[in-house]
Number of protein chains: 2
Amino acid sequence: MNSNLENLWEEARELSFGTTPQIERLHTPPTPLQYLRHYLSQNKPFILSASVATTLQWPATTLWTSTSYLRRTLSSSTVSLHLTPTGHADSLTPHPSNPNSLCFASAHIRRTSFSDAIDAINASHNTDLNKGFVAYAQQQNDCFREEYGALAGDCDSHVSWATEAIGSSPEAVNLWIGNELSETSFHKDHYENLYAVVTGEKHFVLLPPTDVHRMYIREYPAAQYNYSEETGEFKLELENPPRYVPWCSVNPYPLLQNKEKEMSEFPLYHNGPKPFEVTVKAGEILYLPSMWFHHVRQTPDNRGLTIAVNYWYDMQFDIKYAYFNFLQSLPAPNEPTSHTHSTNKNVSDGDEKHSEESTF
Amino acid sequence: MNSNLENLWEEARELSFGTTPQIERLHTPPTPLQYLRHYLSQNKPFILSASVATTLQWPATTLWTSTSYLRRTLSSSTVSLHLTPTGHADSLTPHPSNPNSLCFASAHIRRTSFSDAIDAINASHNTDLNKGFVAYAQQQNDCFREEYGALAGDCDSHVSWATEAIGSSPEAVNLWIGNELSETSFHKDHYENLYAVVTGEKHFVLLPPTDVHRMYIREYPAAQYNYSEETGEFKLELENPPRYVPWCSVNPYPLLQNKEKEMSEFPLYHNGPKPFEVTVKAGEILYLPSMWFHHVRQTPDNRGLTIAVNYWYDMQFDIKYAYFNFLQSLPAPNEPTSHTHSTNKNVSDGDEKHSEESTF
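Residues numbered from 1 in each chain as written. Chains lettered and ligands numbered in written order. Predicted model: local features only at pLDDT ≥ 70, side-chain atom pairs only at ≥ 80, totals over all residues. Heavy atoms only, no water.

### Quick word on the interface of chain B and chain A
Stated formally: We call two residues in contact whenever any of their non-hydrogen atoms come within 4.5 Å of each other. Buried area, as used here, totals the accessible surface that two parts lose on assembly, with accessibility defined by a 1.4 Å probe and the loss added over both. A pair is scored as a salt bridge if a Lys or Arg side-chain nitrogen falls within 4 Å of a carboxyl oxygen belonging to Asp or Glu. Any pair of N or O atoms that falls within 3.5 Å is considered a polar contact. Within protein, one atom must be able to donate a hydrogen and the other to accept it, and sequence-neighbouring residues count only if both atoms are side-chain atoms. Strands are runs of DSSP state E lasting at least two residues, helices are runs of H or I lasting at least four, and both sets are numbered from the N terminus onward. Each residue is assigned to one of three groups, with Ala, Val, Leu, Ile, Met, Phe, Trp, Tyr, Cys and Pro labelled nonpolar, Asp, Glu, Lys and Arg labelled charged, and all others, Gly among them, labelled polar.
Of the residues lining the interface, 36 residues belong to chain B; the matching set on chain A comes to 36 residues. Here chain B meets chain A over a buried area of about 3,300 Å², counting both sides, of which 66% is carbon and sulfur. Of all residues in chain B, the largest losses of buried area upon contact with chain A belong to I319, Y323 and F326 of chain B, amounting jointly to 22% of the total for that side. Seen at the junction of chain B and chain A, the total is zero salt bridges. On the surface where chain B and chain A come into contact, there are 13 residue pairs in polar contact (both at pLDDT 80 or more). Sorting the residues of the side of chain B that touches chain A by element identifies α1 (2–17), α2 (32–40), α7 (160–166) and α10 (319–329) of chain B as the ones contributing at least two each. Here the element with the most residues in the side of chain B that touches chain A is α10 of chain B; it accounts for ten residues. When grouped by side-chain class, the residues that make up the side of chain B that touches chain A number 21 nonpolar, ten polar and five charged.

Below, the structure is given as C-alpha cells:
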C-alpha cells in the first residue's frame, strides 16, 4: 500500500507537470476553452503573470496602494476583523485544558469600522502599538460584495474567462487585508479558486488532492478565541456542546525546536515529494484548483499591508471527487485504523464537504 | 476494502448520474464549452439524439443505405476484413493446446476488394451461403481515412464541437461494417470516443473506470486465427515468442450453461451495480469517455448491415488517470495477490497504455 501511494503521488505530479514539477506560468489570460481543457478539467494550477497586457486591469492596483483612499471610500463601512494572539486563525493550537493535545481555534471576530480595522492591522505589526493581537480583515462569506461594496467599482466582479468556462458567476468573492504575521494553515476548499493579489505578495504551499494521506487529516475539538478589550488578553474556549473539525495536522514551517518531532510524527509529509511553493505577486492571479491543499503566508507592501481578492466558483462533484473520497477512505500506511475523537482521529471527507471550517 | 470499493462504485454513479443512473440524452449538440464542462471534464457519457435539427447532417445517412452506391463508390478500394469463426474478434477463447485455459484471439485479416468484403459479410449471416466464418469490415488504424477515402465526402471528417473543445483533430477515424453476429468484448480505450451510427443499431454495455476491479483484467496469451480458403476452416495459433495481453475476463451475456460458473468466478461484476445499457440508433452519436469499459453488439438494418463511424480524439493523461492507475494497483477483494502468466494474472494499466489490443 505504501509503494502504491508513493507511485500515485509521483504519477499525479509527472502527468500534470512533467519531470521538473513546477506550477505553470501564463503570460496572457487563457480563453475559456483553454482554461477548461488544460487546467480546470485536469485539476491543475497555474499563475497568470502580471504584464502590461495581462495585469489586472483594475483601478484597484493603483487606488488601493493609498490607505487614505481606502479609509475615505470605506468611511461608512463596517467590516469583519479577525483577531488572534499570533496571526494563526483557523489553525491548530494547544488545547486549553489539556496542553498535550490540540484543538482547532477560530479567531475572535470584531465587527468594526474600516478605519479601526486598518489601525488594528497596522498596530499588530508595530511593536510600539502592539496590543497583544494580530488583526486580519477577512471573512469568507462573500465579504467583498457584502462588506466592501464601496470598492466594487475598483476591480472586476468576476474573472471573465472563468465565469464563461464554468458557466456561472462566482459563488463568493472575498477580500483579504493583512500583514506578514497572518498565516492560513493547510486545508482544502470545495471550490475552484481564482486568487488575485492586489498589493504585497502571497506565498502558497500547494499539494494535490492525491497527497491526502500526507496531510494527516484528523478531527480536532473546535474552540473559539475571545479577546477582552479590558485586559488585552485572549481566552480560548472549547465549543459547548463539543464539535469536531477535520483539519490537516501538518505544518510546512515548524519551529526549529519542533521540527524533529513533526518529522517523526508526520513522515509521509516530510519524506514524500516536495510540495509546490509559489509566490503570487501584485497583479498576478493564481488558479488554485478545487481540493488542492494549500498553506498561505504573505509579505506586505511598503505600507505593511497585503491585499488580495479571491473568487470562489462552484466545483463539480464528479468522478475525481469519487476517486478522492475512495483514496481518503483507505487507511494510511503504518497508521492505526481507529481513533476516538479525543485522540484526534483520522477522518473521511464526508463531514467536511459542507463544513465552513473546510474553507479558507 | 470491499466496502470502500462498493462505495466508490456507487458514488461515481450518484455523482455523475444522480439516483436513477442512466446515460443522459441531448437533443441538440453541446457547445464546445458545454461538452468540456459537463462531459469530457467529468468523464461522463451522453447520447446525442437524432432529430431534424440534430441528426448527422451527412449524405451518408441516406447514401449508405444503398449497397450498390457503396460498391460503386468503393469499386477500386482495398479494405481490411476481419474473419472469425463466430464473430468474436479480439476476445477470449479456449487455448488451442489447453482447453481449460483461455487465450486472446485476434481475427484473420483479409485484404480484399470492398465488393468481396460486402459479399463476405452478407454470406456470414446467411445460412445458405455461410462459409464457416463471420466477416466484419473494420480496422482500428484510422481505416476510414486510409481505406475508405472514396466515402470521405459523405460525412464529416471530425465532430466540430469535439474538435474545438479538445483543441485538435481526431487521431483516428474508423469505419465499421458488420452484421448481428459481430460483437466486441469488454475493454477500454485511451481515447475520447465519439461513436456515430449511420445504419442499424449498436448496443453498448458501459461501466465507468472506477469499476476496474469488476472487470477482472488478466493477462492472456495472444493467439491469431488463420483461415484457410481451401479447407474453409480456422486454425488458432499462439504467437511465438509468446506475448501477453491484458484483457477483461467478464462477459455480460454468458451462455445459459456458463452463467452459474461466470457468476461464481466474477462475483464483483455480477453482484455489483447494474452496468449501463444503451442503444445508439442510426443518426445518433454516443460520447464514450476515455477509460470507460464497453462491450458492443449490433442490430442490422433491413439489408442486414450495421454501419458506424467513430472518431478517436487524444485523451489527457491527467489526475484522473493517476487515480485510475492507483485504484487498479490495489488488489481486488478476495483475490490472491500474485499469479503467473500461465494462470492469467491480474495486471496494472502500465503495459496496456500503448498496447494496440487495448483499443477497440
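### Regarding the relation of the copies chain B and chain A
Between the two copies of this chain, the relationship is a rotation about some axis together with a displacement along it. Selection rule: In this comparison the copies share one frame, found by least squares on the C-alpha atoms of residues holding pLDDT of at least 70 in both.
Once chain B is rotated about the relating axis by 180° and shifted along it by 0.0 Å, it coincides with chain A to within an RMSD of 0.0 Å. A rotation of that kind, with that shift, is consistent with a two-fold axis. Measuring from the rotation axis to each C-alpha of chain B, the shortest distance belongs to S41 of chain B, at 2.3 Å. Looking at chain B, 100% of its interface residues are interface residues in chain A too, so the copies touch through the same face.

### Focus on the pairing of strand β3 (residues 78–84) of chain A
Residues and elements named next belong to chain A. Under the convention used in this document: Here's how the labels work: a residue is buried when its accessible area is under 20% of the maximum for its type, exposed when over 50%, partly exposed in between, all with a 1.4 Å probe on protein chains only. The criterion for strand pairing is that DSSP finds at least two bridges linking the strands in question.
Counting buried residues in β3 gives six out of seven residues, a clear majority hidden from the surface. Strand direction decides the pairing type here: β3 and strand β7 (residues 108–113), joined by six bridges, are antiparallel. Residue pairing for β7: T78 is matched across the bridge by S113.

### Focus on the sheet that holds strand β12 (residues 201–207) of chain B
Residues and elements named next belong to chain B. Spatial ordering of the open sheet is given by β4-β10-β18-β12-β16, a layout of five strands whose pairing is mixed. For this open sheet the edge positions go to β4 (88–89) and β16 (276–281), each flanked by a neighbour on one side alone. As defined by bridge partners, β12 adjoins strand β18 (residues 293–299) across seven bridges and the pair is classed as antiparallel. Paired with L207 across the strands is F293, a residue of β18.

### Looking at the pairing of strand β14 (residues 233–238) of chain B
All names here are of chain B. For strand β13 (residues 217–228) and β14, the ladder comprises six bridges, and the chain directions are antiparallel. Residue pairing for β14: N226 is matched across the bridge by K235. Hairpin remark: β13 followed by β14, antiparallel, with four residues in the connecting loop; positive phi at G232, about 70°.

Limitation: the analysis is restricted to geometry and does not speak to function.
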